[in-house]
Amino acid sequence: MPTPLPTELAHHLNGTCALPQLGVIQAQGEDAANFLHNQLTHDVLLLPVGQARLAAFCNAKGRMQASFVVVKTAPDMVLLIMPQDLLAQTLKRLSMFVLRAKVKLTDASAQWQLRGLLGDSARDAVGNAAPWQTVAWAGGHAVALYPAVAAEARQERAFWIGARDQAAPEGPAISLEVWAWGSVLSGVPFVTQPVFEAFVPQMLNFESVGGVNFKKGCYPGQEVVARSQFRGTLKRRMARVFSLVPLMAGQDVFTPADPEQPCATVVQCAARPDGSGFDALVSGTLDSMAGGWHASSAQGDKLELLIGAILGCSKIRFAVEATNGLEYTDHGVMAIDTAVKIIGPRK
């Protein structure tokens, strides 16, 4: 039986914490927005001052080298919030494309401070703002994120970014582990070093959570990303799973139907606060989702898929060939929370 997430665990998702695992690339200059517009998967040029976007930086094959929360703080300044473990190499690669553009890229992590806000703390900051909307708050910028969904409960999440000398917002203290768990429950992970160039954006459901703009101009990998979207060539999606054992980002996942090669990859994993197990985001083939996922090998610990509610689907369906034609089944999977519809909602 799948192990649903107890609603009562949601009370852990309330408070604030510093986020030292994240850093900031600062793009400053009159060409800052235009330069980033030509490099990232989302529209930065038309992004209003004081607002944010989710975006990715891809290689020529459309594979994600980094992902960011992009915040435009002034007409000539854009901040890229991202994991520290990829910041230096991302800054170096972005700088290769500056050429004659009037923009300066720097690691500004020491100039800015970041706080994660959960539950009441997030609601105080951003109210009912939609994901990626930004409000001026507590002397900085508060960015609404996708909420953490715990069974029937929903807890708001937000970033606060302010100058280093600005007093940070106060609230009940939460640990980095709880923040990471809330991130998994939101279904919107960052790209980190273990999964560098492992996925095109749709494999992390990025187009479903505002991370890709298909109407903007070219950027590295744009042709591959667009082809995956419009020609139906994508066969991998991300889903949330429950595991009794810890999983590592970049870890291979297998299915008994094809035990010789991995069918999925762990993107992010975090422990449940009550010690009952681990929630993780895993990107894998749609066929293998139907057959079942196992950690490390086809005989490894079974991962329970927990899929469904962010877009209002209470169940997912897998199309299966049967003697009388095509049938649909949920394969015993309890649907709880992924960011996209896999095939369609159960009617």
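The text that follows walks through the structure, step by step, so that each part is easy to find.

**Some remarks on the pairing of strand β18 (residues 302-306)**
Where strand β13 (residues 236-243) meets β18, three bridges bridge the pair, whose relative direction is antiparallel. Bridge assignment links V241 to a residue of β18, and that residue is L305. Here two bridges tie strand β17 (residues 293-295) to β18, and the two strands are oriented antiparallel to one another. Within β18, the position partnered with W293 by the bridge is L303.

**Some points on the side chain of S183**
Locating S183 in the fold gives a position in helix α4 (residues 176-186). Separated by 3.4 Å, the side chains of S183 and Q268 make a polar contact. What S183 contacts, discounting residues up to four positions off in sequence, is R157, V188, Q268 and L281.

**A look at the nonpolar core**
Counting residues in each nonpolar core, the largest one holds 79 residues, and the members touching the most others are L40, V69, V70, L80 and F159. Among the elements that line this core, the one with the most residues is strand β4 (residues 64-74), at seven residues. Not counting residues within four places of it along the chain, the set of residues in contact with L80 comprises G23, V24, I25, L36, L40, F68, V69, V70 and L94. If you look at the next biggest cluster of nonpolar residues, it comprises 15 residues, including A239, A264, M289 and L303.

**Section: helix α2 (residues 87-95)**
Owing to its 3.6 residues per turn, the α-helix brings residues three or four apart onto one side. What α2 keeps buried is the set L87, T90, L91 and L94. Buried residues along α2 cover an arc of 100° about the axis, so they all sit on one side. Exposed residues pointing more than 90 degrees away from the buried face of α2 are listed as A88 and K92. Contact partners of the buried residues in α2: β2 (22-28), α1 (32-37), β3 (52-58), β4, β5 (77-83) and β6 (104-107).

**What to know about the side chain of R240**
Within the secondary structure layout, R240 lies in strand β13. Polar contacts involving the side chain of R240 include one to the side chain of D279, which spans 3.1 Å.

**Some details on the sheet that holds strand β9 (residues 140-144)**
The strand order across the open sheet formed by five strands is β1-β7-β12-β9-β8, and the pairing between neighbours is antiparallel. Of all strands in the sheet, those bounded by a partner on one side alone are β1 (15-18) and β8 (134-137). Each strand of the sheet is rotated relative to its neighbour by a mean of 25°, with strand direction disregarded.

**Comments concerning the pattern of salt bridges**
Summed over the entire model, instances satisfying the criterion amount to six salt bridges. Among the salt bridges present, the one from D120 reaches R123, with a minimum N-O distance of 2.7 Å. Note that D120 and R123 are positioned in helix α3 (residues 120-126) at a spacing of three residues, about one turn of the helix. Assessed through its relative accessible area of 41%, D120 is described here as partly exposed. Among the residues examined, R123 registers a relative accessible area of 32% and is labelled partly exposed. Connected via shared salt-bridge partners are R240, R272 and D279.

About the criteria used
- Residues numbered from 1 in each chain as written.
- Predicted model: local features only at pLDDT ≥ 70, side-chain atom pairs only at ≥ 80, totals over all residues.
- Heavy atoms only, no water.
- Pairing = 2+ DSSP bridges.
- Helix = DSSP H or I, 4+ residues; strand = E, 2+ residues; numbered from the N terminus.
- Polar contact = N/O pair within 3.5 Å; in protein donor to acceptor, adjacent residues only side chain to side chain.
- Contact = heavy atoms within 4.5 Å.
- Core = buried A, V, L, I, M, F, W, Y, C linked by side-chain atoms within 4.5 Å.
- Buried < 20%, exposed > 50% of the residue type's maximum accessible area, 1.4 Å probe, protein only.
- Arc of directions from axis to C-beta.
- Axes fitted to C-alpha atoms, helices over the stretch in contact; angles between N-to-C directions.
- Salt bridge = Lys/Arg side-chain N within 4 Å of Asp/Glu carboxyl O.

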